[in-house]
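# Structural overview
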Amino acid sequence: MRTIPLSAAFACLASLAAAETPVLDVYTYDSFASEWGPGPAIEKGFEESCACDLRFVTAGDGASLLARLQLEGAASAADVVVGLDTNLTAQAAATGLFAAHGQPAVTGLPTPYEDANFLPFDWGWFAFVHNRSLASPPKSFEELAASDLKIVIQDPRSSTPGLGLVMWVKAAYGDRAAEIWAGLKDNIVTVTPGWSEAYGLFLEGEADMVLSYTTSPAYHLIAESDDTKTAAAFDEGHYLQIEVAGKLGASDQPALADAFLAYLTGEAAQGVIPTTNWMYPANPLAAGLPQGFETLIQPAKSLLLSQEEAGALRDAAVVEWQAALAQ
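### Things to note about the packing of aromatic side chains
Inspection of the entire model under this criterion finds 21 aromatic pairs. Note on F32 and F121: the rings are 5.9 Å apart at their centroids and 85° apart in plane angle, and the pair reads as edge-to-face. Of this pair, F32 sits in helix 2 (residues 30–33) while F121 sits in strand 5 (residues 119–131), and the two are 89 residues apart along the sequence. Comparing F32 with F121, the two get one shared label, buried. Sitting above the plane of the Y27 ring, R68 keeps its charged end 4.6 Å from the centroid.

### Topic: the layout of surface pockets
Roughly 790 Å³ of volume is contained in the largest pocket. Along the walls of the largest pocket sit 31 residues, with S31, W36, W195, S196 and N277 positioned nearest its centre. Of all the elements in the fold, those that place two or more residues in the lining of the largest pocket are helix 2, helix 7 (160–173), helix 9 (195–203), strand 8 (209–213), helix 10 (216–224) and strand 10 (238–248). With six residues, helix 9 is the single largest residue contributor to the lining of the largest pocket.

### Considerations on the nonpolar core
One finds L84, F128, F141, W168, W181 and F260 to be the most contacted residues of the largest nonpolar core, which totals 85 residues. In terms of residue count, the dominant contributor to this core is helix 7 (seven residues).

### What about helix 9?
Every α-helix carries 3.6 residues per turn, so stepping three or four residues along brings you back to the same face. Here helix 9 has its buried residues at A198, Y199 and F202. Buried residues of helix 9, viewed axially, fall in a sector of 95°; they line one side. Elements that come into contact with the buried residues of helix 9 comprise strand 5, strand 6 (151–154), strand 7 (188–192), strand 8, helix 10 and strand 9 (229–231). One or two residues past the end of helix 9 sits G205, with phi positive at roughly 85°.

### With respect to the state of the cysteines
All chains considered together, the criterion is met by one disulfide. One disulfide bridge connects C50 with C52, the sulfur atoms lying 2.0 Å from each other. The sign of the S-S torsion, about -85°, decides the handedness of the disulfide formed by C50 and C52: left-handed. We classify C50 as buried; its relative accessible area is 15%. Among the residues examined, C52 registers a relative accessible area of 7% and is labelled buried.

### Quick look at unusual backbone geometry
Backbone geometry at S225 places phi at a positive 55°, although glycine is not the residue there. Among the secondary structure elements, S225 is positioned in the loop between helix 10 and strand 9. Its relative accessible area of 66% is what places S225 among the exposed residues. For W278, which is not a glycine, the phi torsion comes out positive at approximately 55°. Looking at W278, the relative accessible area reads 14%, which means it is buried.

### Some remarks on the environment of S158
Checked against the element boundaries, S158 lands in the loop between strand 6 and helix 7. Residues contacting S158, with those up to four places away along its chain left out, are D61, A63, S64 and P193. A distance of 2.7 Å separates a polar side-chain atom of S158 from the backbone oxygen of P193.

### Points about the pattern of salt bridges
The full count for this structure, using the stated rule, is eight salt bridges. Here E142 makes a salt bridge to R176, at a shortest N to O gap of 2.7 Å. One end of the pair, E142, is in helix 6 (residues 141–146); the other, R176, is in the loop between helix 7 and helix 8 (177–184), with 34 residues separating them in the sequence. For R176, a relative accessible area of 32% gives the class partly exposed.

The rules we used
- Residues numbered from 1 in each chain as written.
- Predicted model: local features only at pLDDT ≥ 70, side-chain atom pairs only at ≥ 80, totals over all residues.
- Heavy atoms only, no water.
- Phe/Tyr/Trp six-rings, centres within 6.5 Å; stacked < 30°, edge-to-face > 60°.
- Helix = DSSP H or I, 4+ residues; strand = E, 2+ residues; numbered from the N terminus.
- Buried < 20%, exposed > 50% of the residue type's maximum accessible area, 1.4 Å probe, protein only.
- Lys NZ or Arg CZ within 6 Å of the ring centre and 35° of its normal.
- 1 Å grid on protein atoms, 1.4 Å probe; cavity = no way out; pocket = protein on both sides within 12 Å on 5 of 7 lines; lining within 4 Å.
- Points joined across faces, edges and corners; volume = space filled by probe spheres on them.
- Core = buried A, V, L, I, M, F, W, Y, C linked by side-chain atoms within 4.5 Å.
- Arc of directions from axis to C-beta.
- Contact = heavy atoms within 4.5 Å.
- Disulfide = S-S within 2.5 Å.
- Polar contact = N/O pair within 3.5 Å; in protein donor to acceptor, adjacent residues only side chain to side chain.
- Salt bridge = Lys/Arg side-chain N within 4 Å of Asp/Glu carboxyl O.

Structural measurements only, silent on function.
Next up, the structure:
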């Protein structure tokens, strides 16, 4: 009788177990899945309840996520996508790749939002972050354009904050948007592909201000015990970013995808959002927000184009931005 070495038998059993473990592929942006982002804690928590392997696949920023989905089409390996926002959902819906999420509406947003295909998981206001030592920070885009302050922004073609800035200017100034961009041209030190590069340049002292979020100073305060950063409050209001998740209609793990979306908007996952993604949770937390969030500026006015408006304006607004900076 032939015998099989124990090591080979255990290896075979391990391979069979791995083959039987369902895998949920979640496309997201780089910082979400990074070691300092919410991804690791969410992965650990979900896997404890799902008897599955949650696998994050990163693709740069939110705009890059959409570009990858458009390229892959129905052949995409993604089961769930995490990290689009309402400036991108019209284009995402147009791909026909998404299915209804079937989850209850979230209740922690500052403005009503509900979509059958896209489920909010966090939100924040865009803002220009600066050091508290900055004398007379601008109170509007017009004041910023009239100053000699240097800023770093992100490219709207690859970055959701960059696209958010273009929409912010458009929502605040409408037909005057090109004029505002022309005024800001001399203030812009550089345009980076994504948020991380821009924020790094600001921290290195390459600019006076950087496009980020009102919540960014909370990171420095809570994680670094550094209260030297704040965000400028603009009189015209601040544009909202609502980040969403959606499941793919072609997913071969639809039940797992549903379970993940439910987990993502549940207390455990929502609880890690404020101090890992440094955004506001989409659902209120039983224990409230972490200490330090009460120090953040609270915009008097929220700006948000509907996803239909954003979808219709997006390409023309980006071309308008490009043309103004090219002059």
